[in-house]
Amino acid sequence: MPHLKTWCFPGGDRRGLFASLKELQISKCSQLSKIPFCFPCLTTLGISECDELIEIEMSRGLEKGSVSTTYGHSLLSIEITKCPKLEEIPKSFVNLVDVDCGGGCNKLVSVPRLQHAHNLSLSYVSESMSLKAAIQDSTYLKELSIESDCNNLTVELLSMDLNRLTSLNHLHLMIPSDDYERMGWENDNQSLKITSCHALTTISGEFLSSCSNSLRELTIENCDNLVCLPRSLSTIQSLRILSLLECPKLVILKDCGLPTALTHLTIKNCDEMKAVSNLRLTKLTSL
């Protein structure tokens, strides 16, 4: 509906409309500036390609006899992409489980407190985005994916104690490499993916050692200037899957080695890498 500018209701009264609606997808409403949220039972919301959208306008709780309707509390999943003027996901969406803010939301600065979230993915949001208040108590958070070139967001993440995210097992970071080397997060992450850190030349051994005692999968991809892996890599005996992809300057030094417990090793387009003997990868099942 490319020409829809205003979402109107008969007589201006929103009560009783869409009372049973569970899922709503809004796409390519390029002139729509506000979405009136008056869906007491909505669990899934998707918004994409709404170029002029500036606000998800919350309706106040409506009294129906002795029952008060609080809008937003039923919402469990939200996905927003290509809404370049939207600045905030309403704070009343307090029970979200899945949050996915893809590319094209360059002014998004705020998300609600995500105490119940299991999955959070943010891609290239506003430079003023803040996450500390949103996720510092997210003990159910299992997957966290941040793709950003915003230094402010990175600094904030670095100052957080991710040990409080006790359920986190997948961490994907694509951030400025200058900040990456200062990380020292300790957590039970089972999977770590480092992608497109083009200025990254080395990976801190301290970071990799402290990142996890149960790290099972590590992927390093498209890091054009990464030269070597830290010696501490060989000491992570929990690591089972290692993928080194599109890192043209990467070499494995003889005194570094690889974890002997590896079962899967993938090396692709790492042009400077040379064969190293005596790696003792006796448990390797896939190469």
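Residues numbered from 1 in each chain as written. Predicted model: local features only at pLDDT ≥ 70, side-chain atom pairs only at ≥ 80, totals over all residues. Heavy atoms only, no water.

Enquirer: How would you summarise the overall build of the protein chain if you had to cite specific residues and measurements?
Expert: Counting its secondary structure elements, the protein chain contains four helices and 15 strands. Out of the 287 residues in the protein chain, the part that is buried amounts to 44%. Counting only contacts in the protein chain whose residues sit at least 6 apart along the sequence, the fraction spanning at least 24 positions is 43%. Split by element, the accessible area of the protein chain, about 14,100 Å² in all, is 48% carbon and sulfur. (Helix = DSSP H or I, 4+ residues; strand = E, 2+ residues; numbered from the N terminus. Buried < 20%, exposed > 50% of the residue type's maximum accessible area, 1.4 Å probe, protein only. Contact = heavy atoms within 4.5 Å. Areas by Shrake-Rupley, 256 points an atom, 1.4 Å probe, with all protein chains shown as cover.)

Enquirer: Tell me about the side chain of S110, residues and numbers included.
Expert: Mapped onto the secondary structure, S110 falls in the loop between β8 (98-101) and β9 (119-123). A relative accessible area of 17% places S110 in the buried class. Apart from residues lying up to four places away in sequence, S110 is in contact with E87, E88, I89, K91 and M129.

Enquirer: How would you sum up the pattern of salt bridges? Please name residues and give values.
Expert: Throughout the structure, instances matching the rule amount to four salt bridges. K34 is the partner of E55 in a salt bridge, and the nearest nitrogen-oxygen pair spans 3.8 Å. Linking E55 in strand β4 (residues 55-58) with K34 in strand β2 (residues 34-37), this pair joins segments that are 21 residues apart in sequence. Residue E55 is classed as partly exposed on the basis of its relative accessible area, which comes to 32%. Judged by its relative accessible area of 34%, K34 falls in the partly exposed class. When the shortest N-O distance is used, the salt bridge between E52 and K85 registers 2.7 Å. In this pair, E52 sits in the loop between β3 (44-48) and β4 while K85 sits in the loop between β7 (77-81) and β8, placing the two residues 33 residues apart along the sequence. (Salt bridge = Lys/Arg side-chain N within 4 Å of Asp/Glu carboxyl O.)

Enquirer: Pulling in residues and values, what's your account of unusual backbone geometry?
Expert: Backbone geometry places K28, a non-glycine residue, at a positive phi of 60 degrees. Within the fold, K28 resides in the loop between β1 (23-27) and β2.

Enquirer: Outline the environment of L215, supporting the account with residue identities and numerical values.
Expert: With respect to the secondary-structure elements, L215 resides in the loop between α4 (205-211) and β13 (217-221). Residue classification places L215 among the buried residues on the basis of a relative accessible area of 0%. As for L215 and S238, which are separated by 23 residues in sequence, their C-alpha atoms are 5.8 Å apart.

Enquirer: Provide a residue-level description of the side chain of T219, including the pertinent values.
Expert: With respect to the helices and strands, the residue T219 is situated in strand β13. When near neighbours in sequence (up to four residues on either side) are disregarded, T219 contacts L192, K193, I194, S243 and L245.

Enquirer: Would you mind going over the nonpolar core in detail, with residue names and values included?
Expert: The nonpolar side chains of soluble globular proteins are, as a tendency, buried together. The biggest cluster of nonpolar side chains holds 41 residues, and the ones touching the most others in it are I78, I89 and L120. For this core, the elements supplying multiple residues, two or more each, are β1, β2, β3, β7, β8, β9, α1 (132-135) and β10 (143-147). With residues near it in sequence (within four places) discarded, I89 still touches I78, I80, V99, C101, L108, S110, V111 and P112. (Core = buried A, V, L, I, M, F, W, Y, C linked by side-chain atoms within 4.5 Å.)

Enquirer: Talk me through the pairing of β1; I want residue IDs and the actual numbers.
Expert: Here β1 shows a buried face lined by L24 and I26 and an unburied face lined by E23, Q25 and S27. Pairing of β1 with β3 involves five bridges; the strand directions are parallel. Within β3, the position partnered with Q25 by the bridge is G46. (Pairing = 2+ DSSP bridges.)

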